[in-house]
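# Topology and contacts: notes
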Amino acid sequence: MKLFLTLVVMLTTLTSFSQSKQKPFAISGTIITADDNQPLESATVYLQRVKDSSLVTYTITDQNGAFSLEGKSYDATLNMFISYIGYKTYTKRLTITKEKINLGQINLQPDENLLDEVVVKATAPVTIKKDTLEFNVNSFKTKKDANVEDLLKKLPGVEVDENGKITINGNDVSNIYVNGKPFFGDDPTITTRNLTKDIIEKVQITDTKTKSQAFTGEESDNDNKTINLTIKEDKNKGVFGKASAGGGTDERYEAAAMVNFFDNDQRVSVLFGGNNINSAGFSFGDLSNMFSIVGGGGAGSGITTSKNAGLNYTDKLSDKVELSADYFYKESNTENDNASQRENILPDSRYFTDSRSNSVVDNYEHDANLELEVELDSTLRIDFEPSFTYGKNTSMNASMEESRDNDDFVTNESQSNSFSEGTTNNFRNDLDITKRFGAKGSFIRVSITHGIREANTENFLNSQTEIYGSNPETITRDQFTNGEQKTSTLNTGVTYRIPLVNEALSLDLKYDYRSDKDEDVKSTFDLNTATQEFTNFNEALSTDFEYKNDRSTPGIRINYKKDKIRFNFGGSYIYRTLENKDALRPELNLKRNFEALELYSRFTYRFNPKSRMFARYSLDNNTPSLNQLQPFEDVNDPLNTIIGNPSLEPTTTHSLFFGFNNHNFQKGLTIWSYAGFNVSENQVVAKTTIDDDFVRRTTYANVNGGYSGRGSFFISKTKRLDTLRTLKFGVGLSGNASKNINFNNNVKYSSTNTSFNPSLELTFNWKDVMEITPRYSVSFTENRFDLDQFSNQSFNYQNLGIRTSTFVPKKLEWRNDVNYTYNPNVGPGFQKSAWFWNTTLAYSILKNNGTVSLKAYDLLNQNTNARRIATGNYIQDSQSTVLQRYFMLSFSWKFNSLGKTGGAMPSPPPPPRRF
């Protein structure tokens, strides 16, 4: 904590010192059109230094065309630009003679020569085009060899966590495209960490839509965002890539290579990699990536050795046809030891369970994906997306468990050893055909999704269970199980949009039909002691059933879109049939019909280009799963028999969600918040009874009265101290509250759970010198119960960390990531606190194309993943295998022949842009 406070004081001092040498200014004005005298909303106003054209500050005009530029500068003279699509860029050289300058009314002249073929220069840092926010990359300064992730961290409103997850004003980023096309599937870090900033011209941010929705102009169905990276024209042809390899202590290693061939619309990328440091995805070991394992694989359960290879191909085959395809091969081996201690809470007593397990799991997987986009003409589009996965896995598991009563007498114990192997084939095909009619937004879309999944498994089990007490029993199993599972899905839908009032008001008529069919055959054979072969069929542990879930859903939705308001409201009615046929137990066959109403509504209001609020409501209906419905007695676990309840009713859930976000470009202020609330009727919960020997029998029941709520608030402020130094403050608050209805040994009870999680982060950046980010978070959790026999519980968890990067001397880079965690709630024998320190030194060679680095992972050798889980029924402490201290020496090399200069010269000014 002393270190944290020291850093705060140091950063505050640097802020005061920097501000004392600069001249403050406040420039205001109003922008109107010269042709019709109307205010221009969303025009970009920005200042540049005369000396080197570097960006000083910028803002966006409001609905009245007004703007205010505030900041500080060492320069007495600055260049001002005003940019808006369709109008000539306004330029003016300003002399900062006084703190406040009012430019009054500024007339923007229309560009009379603006045609689709006319080239218009665009250097504005931010451009707003309808629902697209576009950033000019050259306006955001980063270190010389920055990748896309480094760039995104500089953009206003964008947050990137240490695992590479990206959010924009609190909304998750679900897709990252390069020139509008996927780049190696759904792993965004392959794009953000392996493409360099110097080839990117623009970063475009839009609401996430399907290709068909973008084609018809529909609104997005979710709050996620999509990022599209456009490549500079002179950087879109050539070869570039990188390779890296490293070896270290404890036989740790990593290696990776990636080669990209770009030829305008045609792209080919090849990658491969391997490591035994828990980096399950594709990573080069770049400095900014080496710490991603802190919150992910490195601090997780087990130690994983992985290998992967991939190929991506994208091409525009003709003016009407575009193709994108990728293939991945993944291989992994994970070893893990797990230990847990559980205190089981009963209404009138308690008992304790200790367990240990050891597992070794091997996985092999081939993935292939294809996207074919065909626009036969401006009104007809076909999207065809097949995918295929083949997987093979083997696992060995050894476990033991012991239960003791409150007097510490053993009531039951078990141990087991198992070996299984299996294969999986998964095929899925999505087809969308969209036809537009007229110019008012009318269209019809037909969608077909078909999927087949087949799995075959073989499992050998040897176990022994001892139950003591008044009715002692020994259960010994030596078995072989052969399993075959097949799942087929067919989902078809039709949507027809009818314009009611031009493009502002429309009506959607919808119909969906979906059929899911599951076939599950498990044949279990006991060992025949006479022949020493598995020939004795065990019907109690075998299954042979077919399960169908068919539903027809007609629906209707009304949509409104005009100016600042987006609104839709829709409803559908589900006709559902569930049917199960059991070949081994025909008396368990069941067939049930369900009908339900579902509703959905979404409202968005955009106050101005900087802020908006949104709300949505949904009424959803979900049926119980097969294992919850089917009255089949599952005795796979001798200590916990499970049986379904065929009388269960579907669960109805009301969900309400609110959100607000605001980003003031010029002041560097970002605010986002959200709140959600769910109430469920006929929620399905487990209902367990426990006998005197602590042997459990579980079924399922419907309950009412449960709810859940969540909320979050985040505010950050980026302050530009001068042209080299910036300071960013971030404060976050999040919380959850829920009421759960459950059963404990057949006694119904309710629990109310609340949590509160404040966090604080500061980032001080001194360009080409250093970056320091201290952060602190704490979590408070409280569980309350309405049974006197249950004790209320309170927990807290604290995390304090600091990330530092220094870039001096010029070719030397030193990064540190230090985390301190304190978890006082875990039980005896589990580590309560730990320091986790990673550090890396890197030196650039070969004209900055090569890097030699020395990495120390978990330098203090204190890595732990001890954790506590608390519910109304139990409190459990657990800990498993983690990756611990190692040192690694690595070398990486990058190459680039993009553009006429082969990437050796500095990037040219931003190229013209076409509209």
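Definitions and cut-offs
Residues numbered from 1 in each chain as written. Predicted model: local features only at pLDDT ≥ 70, side-chain atom pairs only at ≥ 80, totals over all residues. Heavy atoms only, no water. Helix = DSSP H or I, 4+ residues; strand = E, 2+ residues; numbered from the N terminus. Rg over C-alpha atoms; globule rule 2.2 N^0.38 Å. Buried < 20%, exposed > 50% of the residue type's maximum accessible area, 1.4 Å probe, protein only. Areas by Shrake-Rupley, 256 points an atom, 1.4 Å probe, with all protein chains shown as cover. Lys, Arg positive; Asp, Glu negative; His and termini not counted. Charge placed at Lys NZ, Arg CZ, Asp CG, Glu CD. pLDDT = per-residue confidence, 0-100. Contact = heavy atoms within 4.5 Å. Polar contact = N/O pair within 3.5 Å; in protein donor to acceptor, adjacent residues only side chain to side chain. Pairing = 2+ DSSP bridges. Axes fitted to C-alpha atoms, helices over the stretch in contact; angles between N-to-C directions. Salt bridge = Lys/Arg side-chain N within 4 Å of Asp/Glu carboxyl O. Phe/Tyr/Trp six-rings, centres within 6.5 Å; stacked < 30°, edge-to-face > 60°. Lys NZ or Arg CZ within 6 Å of the ring centre and 35° of its normal.

Further remarks concern the overall build of the chain. When helices and strands are counted, the chain shows 5 helices and 50 strands. For 915 residues, the compact-globule formula gives about 29 Å, and the C-alpha radius of gyration of the chain, at 31 Å, lands near that figure. The principal-axis extents of the C-alpha atoms in the chain amount to approximately 95 × 65 × 55 Å. With 915 residues in all, the chain has 45% of them scored as buried. As displayed, the chain offers around 43,200 Å² of accessible surface, 53% of which is attributable to carbon and sulfur atoms. Both charge centroids of the chain, one from 102 positive and one from 111 negative side chains, sit 12 Å from each other.

Moving on, we come to the confidence of the model for the chain. Of the residues in the chain, 92% reach a pLDDT of 70 or more, and the chain-wide mean stands at 86. A low-confidence stretch, residues 284–299 (pLDDT under 50), is modelled with 61 contacts involving residues beyond four sequence positions or located in other chains. Predicted confidence for residues 900–915 stays below pLDDT 50, and this span has 36 contacts to residues more than four positions away or in other chains.

Below, the discussion takes up the side chain of Asp-362. Structurally, Asp-362 is set in strand β22 (residues 350–377). Engagement of the side chain of Asp-362 in a polar contact is seen with the side chain of Asn-333, the distance being 2.6 Å.

Spatial strand order, β3-β2-β5-β6: 4 strands in an open sheet with antiparallel pairing. Every interior strand has two partners, whereas the edge strands, β3 (55–60) and β6 (90–95), have only one. If you compare each strand with its neighbour and ignore which way they point, the axes differ by 20° on average. Here strand β2 (residues 44–49) pairs with strand β5 (residues 77–83) via 6 bridges, running antiparallel. Residue pairing for β5: Tyr-46 is matched across the bridge by Phe-81.

It is worth spelling out the side chain of Asp-582 at this point. Tracing the backbone through its elements, the reader meets Asp-582 in strand β30 (residues 565–582). Here Gln-630 takes part through its side chain, which lies 3.4 Å from a polar atom of the side chain of Asp-582.

Enumeration over the complete set of coordinates arrives at 40 salt bridges. Residue Glu-546 pairs with Lys-517 through a salt bridge whose shortest N-O separation is 3.6 Å. You can see Glu-546 sitting in strand β29 (residues 543–562) and its partner Lys-517 sitting in strand β27 (residues 505–528), a full 29 residues away along the chain. Here Lys-517 falls in the partly exposed class, since its relative accessible area comes to 27%. The salt bridge involving Asp-817 is made with Arg-775; its shortest N-O contact spans 3.1 Å.

Moving on to the sheet that holds strand β4 (residues 66–73). The 3 strands are arranged β4-β1-β7 in an open sheet whose pairing can be described as mixed. With partners counted over all chains shown, the strands left at the sheet margins are β4 and β7 (100–108), one partner each. The mean inter-strand angle of the sheet, taken between neighbouring strand axes irrespective of direction, is 20°. When strand β1 (residues 23–33) meets β7, the two strands line up parallel, connected through 7 bridges. Within the sheet, the bridge partner assigned to Thr-30 lies in β7 and is Gln-105.

With that settled, consider unusual backbone geometry. That bond from Val-808 to Pro-809 is cis: its omega, -5°, falls within 30 degrees of zero. Locating Pro-809 in the fold gives a position in the loop between β43 (793–806) and β44 (812–822). Positioned with a positive phi, Glu-251 is a non-glycine residue whose angle comes to about 60°. Since its relative accessible area comes to 70%, Glu-251 is described here as exposed. The phi angle at Asp-563 is positive, at roughly 50°, despite the residue not being glycine. With respect to the secondary-structure elements, Asp-563 resides in the loop between β29 and β30.

Summed over all chains, the structure comprises 23 aromatic pairs. For the pair Phe-135 and Phe-140, a centre-to-centre distance of 5.8 Å together with 80° between the ring planes defines the contact as edge-to-face. Taken individually, Phe-135 and Phe-140 each receive the classification buried, so the pair is uniform in this respect. For the ring pair Tyr-605 and Phe-607, a centre distance of 5.0 Å and an interplane angle of 80° mean the geometry is edge-to-face. Over the aromatic face of Phe-262 sits the side chain of Arg-267, whose NZ or CZ is 5.6 Å from the ring centroid.

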